[in-house]
Amino acid sequence: MKSLSALRPDGTNIGLMLLIALALAIFTFMLPGRFMTDSTFMSMAFQLPELGLLTLAMFIAILSGGLNLAIIATANLTALFIAWTLMSALPADAGTGQQLLWLFIAIVGAMLIAAFIGVITGVMVTRIGAHPILVTLATMMTLNGIGIWLTKGAAVSGMPSVVQALGSNTLLGMPLPLWVFLIAAALLALFLGKTRAGKCIYMGGSNINATWFSGINTHRMVVLVYVISSLLCVLAGLIMMARFNSARMGYGDAYLLLTVLAIILGGTDPNGGFGRVTGVVLALIALQVLSTGFNLMNISQHVSLAMWGAVLIVVLAFKQFKARFNEHRAVKLSKLAAALNPLTEKKEV
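The following paragraphs examine the structure supplied in this document. (Residues numbered from 1 in each chain as written. Predicted model: local features only at pLDDT ≥ 70, side-chain atom pairs only at ≥ 80, totals over all residues. Heavy atoms only, no water.)

Further remarks concern helix α11 (residues 218-244). Along its 27 residues, α11 runs 39 Å from first to last C-alpha, staying within 8% of the 39 Å computed at 1.5 Å per residue. In terms of burial, α11 is a largely internal element, 20 of the 27 residues being buried. The residue sitting at the N-terminus of α11 and contributing the capping side-chain oxygen is N217; that oxygen lies 3.2 Å from the backbone nitrogen of H219. (Helix = DSSP H or I, 4+ residues; strand = E, 2+ residues; numbered from the N terminus. Expected span 1.5 Å × (residues − 1). Buried < 20%, exposed > 50% of the residue type's maximum accessible area, 1.4 Å probe, protein only. Polar contact = N/O pair within 3.5 Å; in protein donor to acceptor, adjacent residues only side chain to side chain.)

Moving on, we get to the environment of A155. Looking at the secondary structure, you find A155 in the loop between α6 (132-151) and β1 (156-157). Residue classification places A155 among the partly exposed positions, given a relative accessible area of 38%. Along the chain, A155 and A197 lie 42 residues apart, while their C-alpha atoms are 38 Å from each other. Not counting residues up to four positions away in its chain, the partners in contact with A155 are S246, A247, R248 and Y251. (Contact = heavy atoms within 4.5 Å.)

So, on to empty space enclosed by the protein. For the structure on display, the rule yields two cavities of 30 Å³ or more. For the second largest cavity, the full set of lining residues is N68, A70, T74, I117, G118, T121, T136, Y226 and S230. Every element with two or more residues in the lining of the second largest cavity is listed here: α5 (96-128) and α11. With three residues, α5 is the largest single contributor of residues to the lining of the second largest cavity. Among the residues making up the lining of the second largest cavity, the classes are represented as three nonpolar, six polar and no charged. (1 Å grid on protein atoms, 1.4 Å probe; cavity = no way out; pocket = protein on both sides within 12 Å on 5 of 7 lines; lining within 4 Å. Points joined across faces, edges and corners; volume = space filled by probe spheres on them. Nonpolar A, V, L, I, M, F, W, Y, C, P; charged D, E, K, R; others polar.)

Right, let's talk about the packing of aromatic side chains for a bit. Evaluation of the coordinates by the stated rule reveals four aromatic pairs. Ring centres 5.8 Å apart and planes at 85° place the aromatic pair F27 and F294 in the edge-to-face group. On the criterion of sequence distance, the pair formed by F27 in helix α2 (residues 11-30) and F294 in helix α13 (residues 277-296) is long-range, its members being 267 residues apart. These aromatic residues form a ring-pair network of at least three members: F27, F35, F41 and F294. (Phe/Tyr/Trp six-rings, centres within 6.5 Å; stacked < 30°, edge-to-face > 60°.)

Below you can see the structure in the form of structure tokens.
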């Protein structure tokens with residue numbers, strides 16, 4: 001019974017599902033014969049994973065009470081490493097087996113780089129005591145500078161066939177990138193919900209000092225958070241490289257705002273300590289449906305970006321208002337209980 005209750009959707013998830021249904025109905029009515037088509041949904045399924053993986057990378061950082069502004073730079077730099085490895089190691093006539101072997105080696109190397117970035121970021125936050133915003137901003141600028149210096153701002157293109165297949169092929173009717181995203185989301189949900197380390201991340205996001213005094217090594221926990229965040233960026237960079245058939249610093253720069261918007265819209269507390277992967281996934285689906293509908297209506301991307309910013313402001317304001325309302329209500333209830341308590345004691349006497 002306890003496991004079934006964990007799968008039961010909360011109010012946020014129900015609201016997001018209603019939003020998705022409403023958006024589908026509106027766009028189907030406004031775009032007859034254009035929106036509700038197989039090609040439209042397949043396009044959405046191919047576009048969602050790269051933003052989804054970057055959002056998961058940001059989600060675990062925010063859940064811990066921090067932030068990771070370097071997710072896109074990490075994704076692009078590790079994608080460049082994978083691209084350089086494949087371009088330099090693979091001969092022109094390499095077979096599928098050889099391509100898969102070198103792709104595996106390149107991904108392992110990229111994950112080592114990402115883990116190193118995560119460790120450095122976590123150590124800066126915990127040992128030096130710098131704010132996560134400042135640390136990850138500095139990390140982002142450093143990684144962008146390194147990547148642009150090494151490539152002179154150009155793209156590394158011409159990926160082998162196995163990489164192109166990852167970005168364009170399907171499995172059981174679903175795009176391969178979507179499988180990667182769904183598996184990553186499921187594993188992250190299991191990690192956060194079923195492991196001791198995951199529960200410690202929730203505790204640390206709620207109150208880092210109380211978590212420390214309860215005997216949990218919060219320094220190690222924060223480092224683990226940024227390592228996992230960076231490793232998720234490797235998958236995002238790989239998917240972007242596969243879809244664009246190239247790697248370059250600057251890909252996906254517009255995603256940073258959308259990752260935060262999806263996380264907050266999915267019910268995650270921006271201060272950390274509360275949030276569910278299912279809510280984030282539903283928020284991503286809602287944003288993808290809206291974005292695709294706006295594109296089919298020929299609404300400018302600049303207008304869409306301004307609208308996403310406005311939506312984020314409204315959601316944050318609503319959450320703040322709701323938190324203050326609940327706090328005010330709790331104070332009133334406690335005062336009422338204190339006032340009724342003496343009356344109860346007199347009756348008992």
